[in-house]
Amino acid sequence: MRSKQTASPGRKLEIRWGIGTLVAVALWLLLYSCLAALADLAIALLGLSRETALGEALHFFFFDTPKVLLLLTGIVFVMGIVQTFFAPERTRALLSGKRTGIGNILAALLGIVTPFCSCSAVPLFIGFLSAGIPLGITFSFLISAPMVNEVALALLFGMFGWKVAALYLALGLSVAIVSGLVIGQMKMEGHLEDWVRAIQARTEQGYESEAMTWVERGEAGLAHIREIVAKVWPYVMAGIAVGAGIHGYVPEDFMASFMGKDVWWAVPAAVALGVPMYSNAAGIIPVVEALIGKGAALGTVLAFMMSVIALSAPEMIILRKALKPRLIATFAAVVASGILLVGYVFNAVL
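This structure is a prediction, so every number in the text was calculated from the model and none was measured. Along each chain, residues carry numbers from 1 onward, in the same order as the chain's sequence is written. Two thresholds apply to this predicted model, a pLDDT of at least 70 for residue-level local features and 80 or more for giving and counting side-chain atom pairs, whereas whole-chain, interface and lining totals are computed over all residues. Note that water and hydrogens are dropped before the side-chain values are worked out from all heavy atoms of the structure.

**With respect to the overall build of the protein chain**
Next, step 1: For the protein chain, the helix and strand inventory stands at 17 helices and zero strands.
Next, step 2: Buried residues in the protein chain amount to 47% of all 350 residues.
Next, step 3: The criterion used for residue contact is that any of the two residues' heavy atoms lie within 4.5 Å. Restricting to contacts in the protein chain with at least 6 residues of sequence separation, those with at least 24 account for 82%. Helix and strand definitions follow DSSP, with helices as H or I runs of at least four residues and strands as E runs of at least two, each counted in order from the N terminus. Only protein chains enter the accessibility calculation, which uses a 1.4 Å probe; a residue is then buried when its area is under 20% of its type maximum, exposed when over 50%, and partly exposed in between.

Spelled out as structure tokens, the structure:
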């Protein structure tokens, strides 16, 4: 009788890694699905109510902080593994396309099916950068993901009809694509923070994908988490803390007081007011409906909405860890210009 062959040490290690990964994914999904309930529990333990400004602000913080950190950790881990399969040149070719702008269009379309708020989109944005994807293309995704996703379109369709939703889709995608093209043409890669450029430089060397085991790929993903998440998490918490305070304390009546005025400066003022705030599409569209009900102009309010979800101050705080101030300022100026145009077009057409 032949003796039973035992698995090699390498095979045993792969099995342990596989089981550990499945357990980690299950725990990640369980925790992510319980975030709202955990935030409710935290508010209840503090003896607060979401009907108060403080309670709503703290609930926002307790919900969004773990949500963004979980997304950041998961996406960065996956991107670290993906990089072991694809040479940087192939990844860049896939998204940049053979013609100028194709990559920006693909990235903006990807944003439609990723219902992230601006802070939640940042992890994937950083993952794209670390994979060596061109800067302008990553910005097209970062702009589109929070601003033009299926959640925003469905809510706009339900509240204002298909014409408003279709015009918003067309103009929102245009802002994302054109802004990414403009930033890409400005060649501002030198304004990425040094640690991001260092990751890109190592990525340039590529991986020996055929020679790597799954354990080595998993270790590459964990190394990616240690390298990126460890640097970014304080900025994530600071950004969401700012957003939580604004979310709980900024009144609707103040915002509606000037958005209905038929003057040229109403749209720029609405955009300037929206930038310090923070919300996702699902959270801000009911506010949009309330403002319109109080007499605000549709184009002005939609420009406000776009600035809240695509140019929020918390997003800028988180991006500061990866981008230098000049690049952040350029991003904000280019996108704000596009949003202003959208506001004026809506007010002129509808």
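Moving on from the coordinates now.
**Comments concerning the pattern of salt bridges**
Next, step 1: Salt bridges are defined as contacts in which a side-chain nitrogen from Lys or Arg sits within 4 Å of a carboxyl oxygen from Asp or Glu. Taken as a whole and judged by the stated rule, the model has four salt bridges.
Next, step 2: Close ionic contact of glutamate 56 with arginine 50 constitutes a salt bridge, the shortest N to O distance being 3.1 Å.
Next, step 3: Look at glutamate 56 and you get buried, because its relative accessible area is 16%.
Next, step 4: For arginine 50, a relative accessible area of 41% translates into the label partly exposed.
Next, step 5: Close ionic contact of aspartate 194 with lysine 324 constitutes a salt bridge, the shortest N to O distance being 3.9 Å. On the criterion of sequence distance, the pair formed by aspartate 194 in helix α10 (residues 194-204) and lysine 324 in the loop between α16 (313-319) and α17 (325-349) is long-range, its members being 130 residues apart.

**Looking at the packing of aromatic side chains**
Next, step 1: Side-chain rings of Phe, Tyr and Trp (the six-membered ring for Trp) are treated as a pair once their centres are within 6.5 Å; stacked means planes under 30 degrees apart, edge-to-face means over 60, and tilted covers the remaining angles. Considering all chains together, one arrives at three aromatic pairs under this definition.
Next, step 2: Plain terms: the ring middles of tryptophan 28 and tyrosine 32 are 5.1 Å apart, the flat faces sit at 5 degrees to each other, and that makes the pair stacked. Note that tryptophan 28 and tyrosine 32 are positioned in helix α1 (residues 9-33) at a spacing of four residues, about one turn of the helix.
Next, step 3: Look at tyrosine 32 and you get partly exposed, because its relative accessible area is 29%.
Next, step 4: Arranged with centres 6.1 Å apart and planes meeting at 65 degrees, the rings of phenylalanine 61 and phenylalanine 62 form a pair that is edge-to-face.

**Let's talk about the environment of serine 337**
Next, step 1: Structurally, the position occupied by serine 337 is in helix α17.
Next, step 2: Remark: the alpha-carbon pair of serine 337 and valine 271, spanning 66 residues in sequence, is separated by 9.7 Å.

**Focus: the side chain of asparagine 104**
Next, step 1: Along the chain, asparagine 104 turns up in helix α5 (residues 102-112).
Next, step 2: Take asparagine 104: its relative accessible area is 7%, and that puts it in the buried class.
Next, step 3: Throughout this description, a polar contact denotes any pair of N or O atoms lying within 3.5 Å of each other; where both atoms belong to protein, one of them has to be capable of donating a hydrogen while the other can accept it, and for residues adjacent in sequence the pair is counted only when both atoms sit in side chains. A polar side-chain atom of asparagine 104 sits 3.0 Å from a polar atom in the side chain of serine 140.

**Here's the deal with the packing of helix α15 (residues 298-310) against α17**
Next, step 1: Across the interface, α15 lies against α17 with an axial gap of 7 Å and an inter-helix angle of 155 degrees. Judged on the interaxial angle alone, α17 and α15 are roughly antiparallel. Crossing angle aside, the handedness with which α15 passes α17 is right-handed. Residues Leu298, Gly299, Thr300, Leu302, Ala303, Met306, Ser307 and Ala310 of α15 form the contact with α17, whose participating residues are Phe331, Ile339, Val342, Gly343, Phe346 and Asn347.
Next, step 2: For the contact of α15 with α17, the per-class residue count stands at nine nonpolar, five polar and no charged. Only C-alpha atoms enter the line fits that serve as axes; for helices the fit covers just the stretch in contact. Angles between N-to-C directions range over 0 to 180 degrees. Note that the term roughly parallel is reserved for angles under 35 degrees, roughly antiparallel for angles over 145, roughly perpendicular for angles of 65 to 115, and oblique for everything else. A clockwise turn of the near helix away from the far one marks a right-handed crossing, whereas an anticlockwise turn of less than a right angle marks a left-handed crossing. Lys, Arg, Asp and Glu make up the charged group, whereas Ala, Val, Leu, Ile, Met, Phe, Trp, Tyr, Cys and Pro make up the nonpolar group; the residues left over, Gly among them, are polar.

**Some thoughts on the nonpolar core**
Next, step 1: We call a set of buried residues a nonpolar core when its members are Ala, Val, Leu, Ile, Met, Phe, Trp, Tyr or Cys and they connect through side-chain atoms within 4.5 Å of each other. Tyr168, Leu323 and Phe331 are the most contacted members of the largest nonpolar core, which totals 79 residues.
Next, step 2: With ten residues, the single largest contributor to this core is α15.
Next, step 3: Apart from the residues lying within four places of it in its own chain, the contact partners of leucine 323 are Phe125, Leu129, Phe139, His191, Leu192, Glu193 and Ile328.
Next, step 4: Counting residues in each nonpolar core, the second largest holds eleven residues, with Leu124, Ile133, Ile137 and Ala145 among its members.

**Overview of the side chain of serine 144**
Next, step 1: Assignment of secondary structure puts serine 144 in helix α7 (residues 135-147).
Next, step 2: Within the structure, serine 144 has its side chain in polar contact with the backbone oxygen of alanine 108 (distance 2.6 Å).

**Things to note about helix α9 (residues 162-185)**
Next, step 1: Between its first and last C-alpha, α9 extends 34 Å over 24 residues, near the 34 Å set by a 1.5 Å rise per residue.
Next, step 2: Lysine 187 sits one or two residues past α9 and shows a positive phi near 50 degrees. The span one expects for a helix is its residue count, reduced by one, times 1.5 Å.

**Structural notes on the packing of helix α2 (residues 35-45) against helix α3 (residues 53-82)**
The angle between the axes and the distance between the axes are what describe a pair of packed helices.
Next, step 1: Orientation of α2 relative to α3, taken along the N-to-C sense of each, is 145 degrees, at an axis distance of 9 Å. Regarding α2 and α3, the two cross each other, and that crossing is right-handed. Of the residues in α3, those touching α2 at Leu35, Ala36, Ala39, Asp40, Ala42 and Ile43 are Gly55, Leu58, His59, Phe62, Phe63, Pro66, Lys67 and Leu70.

**Focus: the environment of isoleucine 309**
Next, step 1: With respect to the helices and strands, the residue isoleucine 309 is situated in helix α15.
Next, step 2: Separated by 25 residues in sequence, isoleucine 309 and isoleucine 284 have C-alpha atoms that sit 8.0 Å apart.

**Details of unusual backbone geometry**
Next, step 1: Located in the positive-phi region is lysine 187, a residue other than glycine, with phi close to 50 degrees.
Next, step 2: Relative to the assigned elements, lysine 187 resides in the loop between α9 and α10.

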